[in-house]
Amino acid sequence: MDREYIQNLRYKLQKRVRRVNSSEYQVFHYVLKQFWGFLQDQPLLVGIMESLEAHSHLVESDVARIFDSRDAIVFNSELENAVACFLVLRRCVESDNDHAEIDVAHNYSHESKYNEILESFKDIFVEPFYDYLDEYLDDSSLLLSLLIKYKHKCEWFQRESLLTTWESDTRRGEKKLAMHLYEYLYDQGINFSIEPASASGEADAVSSQQGEEPLIADVKIFNPERSKGKDYIAKGFRQVYDYTLDYNEPVGYLVIFKTCEEGLKFSLPDAAYNTPFVKHNNKTIFFLVVDIHEYEASASKRGKLQFVEFTEDDLADEFSK
């Protein structure tokens, strides 16, 4: 991972957390909202938060008690505590109550002055959440963060060249795009090993990996006119899910290169920010769409975009085949 980029992001994060922690109760709610807006503008931090969102089921009921029953809930594991901090902060930010944070902190503090009560909120929720973000900025296992950055890089700077890669050899284009993804991840410091491709070029980049930490990320093309439509993507989801079982990994990623004008719409119960995901049998599969189609008209002149919709039932049907 780009060390200079990480160092700069860490510095920006520190500055904003310092501002949050130095704010008094009169403005704290609004400063926290600004801090949250900063986080949502940083792809790596969004990736970390989406990873936390994927584990929200671990603490959702306890977080609800913090707000609804005014219980002072504590969490035993670092992961559960980080997820809880994320959910509490997000709920406070989304609240119209200017003193939402003070109301939560009342559960944990016996102080009477607002600023002193607020210190408990900072200690219990803000600081642990910041520590988690800061520590995981250097964790190469945070694949989702890098995939979001990869999506932006492809769509902003490499759309034409990647589309040419696909169109010049549609039989092997998907494999070539997969290798482009794996090369990027390798350059970012993700450690994995792939055996040399077979002479036929059909070796699978996930199943051919060696090592203790396999990369459970696979690539599929979306282009219904080329027989790579809804059923093809659903089969890709099942393939990634099977990989998570084979390698005993909790999370997998399906990266979908969209090479046509038709869009994909994931109508799923779970979605973190802009990255939808499905939970099945304690496995979480993320769907990341990389749009490399070259549009003839600008976005304002394209008219209504046609979508292929994916529901949880559509994906679940793959398990009955």
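Look a little higher up for the structure.
Residues numbered from 1 in each chain as written. Predicted model: local features only at pLDDT ≥ 70, side-chain atom pairs only at ≥ 80, totals over all residues. Heavy atoms only, no water.

**With respect to the overall build of the protein**
Check the secondary structure of the protein and you find 12 helices and 9 strands. On the protein, roughly 16,300 Å² of surface is accessible, and the fraction owed to carbon and sulfur atoms is 43%. (Helix = DSSP H or I, 4+ residues; strand = E, 2+ residues; numbered from the N terminus. Areas by Shrake-Rupley, 256 points an atom, 1.4 Å probe, with all protein chains shown as cover.)

**Some words on helix H2 (residues 25-40)**
A rise of 1.5 Å per residue sets the reference length of H2, with its 16 residues, at 22 Å; its end C-alpha atoms lie 23 Å apart and thus fit the reference within 8%. For H2, the complete set of buried residues consists of Phe28, His29, Val31, Leu32, Phe35, Trp36, Phe38 and Leu39. (Expected span 1.5 Å × (residues − 1). Buried < 20%, exposed > 50% of the residue type's maximum accessible area, 1.4 Å probe, protein only.)

**Here's the deal with the nonpolar core**
Core analysis: the largest hydrophobic core is formed by 80 residues, its most contacted members being Leu13, Leu39, Phe121, Phe129 and Phe257. The dominant element in this core, judged by the number of residues it contributes, is helix H5 (residues 78-94), at 10 residues. If near-sequence neighbours (up to four positions away) are discounted, Phe129 is found in contact with Trp36, Leu39, Met49, Leu52, Ala82, Cys85, Phe86 and Leu89. Counting residues in hydrophobic clusters, the runner-up holds 20 residues, among them Ala234, Ile256, Cys260 and Phe310. (Core = buried A, V, L, I, M, F, W, Y, C linked by side-chain atoms within 4.5 Å. Contact = heavy atoms within 4.5 Å.)

**Some remarks on the packing of H2 against helix H7 (residues 114-136)**
Any two packed helices are characterised by the angle at which their axes cross and by the distance between the axes. Interaxial distance between H2 and H7 falls to 12 Å at its minimum, and their mutual angle equals 10 degrees. Relative to H7, the element H2 lies roughly parallel. Contacts between H2 and H7 pair Tyr25, Phe28, Leu32, Trp36 and Leu39 from the former with Tyr114, Asn115, Leu118, Phe121, Lys122, Val126, Phe129 and Leu133 from the latter. (Axes fitted to C-alpha atoms, helices over the stretch in contact; angles between N-to-C directions. Parallel < 35°, antiparallel > 145°, perpendicular 65-115°, else oblique.)

**What to know about the pattern of salt bridges**
Tallied over the entire structure, the rule returns 14 salt bridges. The partner of Arg238 in a salt bridge is Asp242, and the shortest N-O contact between them spans 3.0 Å. Within this pair, Arg238 and its partner Asp242 are both found in helix H11 (residues 230-246), separated by 4 residues, close to a single helical turn. Under the relative-accessibility criterion, Asp242 is labelled partly exposed at 25%. One network of salt bridges, with partners in common, ties together Asp62, Arg65 and Asp71. (Salt bridge = Lys/Arg side-chain N within 4 Å of Asp/Glu carboxyl O.)

**Section: the pairing of strand S9 (residues 307-311)**
Side chains of S9 alternate between two faces, with Val308 and Phe310 buried and Phe307, Glu309 and Thr311 left unburied. Here 5 bridges tie strand S5 (residues 263-267) to S9, and the two strands are oriented parallel to one another. Bridge assignment links Leu264 to a residue of S9, and that residue is Val308. (Pairing = 2+ DSSP bridges.)

**Digging into helix H8 (residues 143-157)**
Compared with an ideal rise of 1.5 Å per residue, which puts 15 residues at 21 Å, H8 spans 21 Å between its outermost C-alpha atoms and is within 8% of the ideal. For H8, the set of buried residues is Leu143, Leu144, Ser145, Leu146, Leu147, Ile148, Tyr150, Cys154 and Glu155.

**Thoughts on the environment of Ala100**
Its place among the elements puts Ala100 in helix H6 (residues 100-105). Each C-alpha atom of the pair Ala100 and Leu89 lies 9.7 Å from the other, and the pair is 11 residues apart in sequence. Here Ala100 is in contact with Cys92 and Ser95, once residues within four sequence places are set aside.

**A short note on the environment of Val219**
Checked against the element boundaries, Val219 lands in strand S3 (residues 217-222). Here Val219 falls in the buried class, since its relative accessible area comes to 2%. C-alpha separation for the pair Val219 and Ile233, spaced 14 residues apart in sequence, amounts to 9.7 Å. Every residue in contact with Val219, bar those within four places of it in the chain, is listed here: Glu174, Ala178, Leu181, Val255 and Phe257.

**Comments concerning the packing of aromatic side chains**
In this structure the tally under the stated criterion is 18 aromatic pairs. Centroid distance Phe237 to Phe319: 5.8 Å. Interplanar angle 85 degrees. Geometry classified as edge-to-face. Of this pair, Phe237 sits in helix H11 while Phe319 sits in the segment after helix H12 (312-316), and the two are 82 residues apart along the sequence. Judged by relative accessible area, which is 26%, Phe319 ranks as partly exposed. With a centroid separation of 5.1 Å and an interplanar angle of 20 degrees, the aromatic rings of Phe266 and Phe310 are classed as stacked. Note that Phe266 is positioned in strand S5 and Phe310 in strand S9, a separation of 44 residues in sequence. Judged by relative accessible area, which is 15%, Phe266 ranks as buried. Since its relative accessible area comes to 0%, Phe310 is described here as buried. Site record: aromatic cluster; members linked through ring pairs are Phe237, Tyr241, Phe266, Phe287, Phe310 and Phe319. Over the ring of Phe38 we find Arg16, and its NZ or CZ is 4.2 Å from the ring centre. (Phe/Tyr/Trp six-rings, centres within 6.5 Å; stacked < 30°, edge-to-face > 60°. Lys NZ or Arg CZ within 6 Å of the ring centre and 35° of its normal.)

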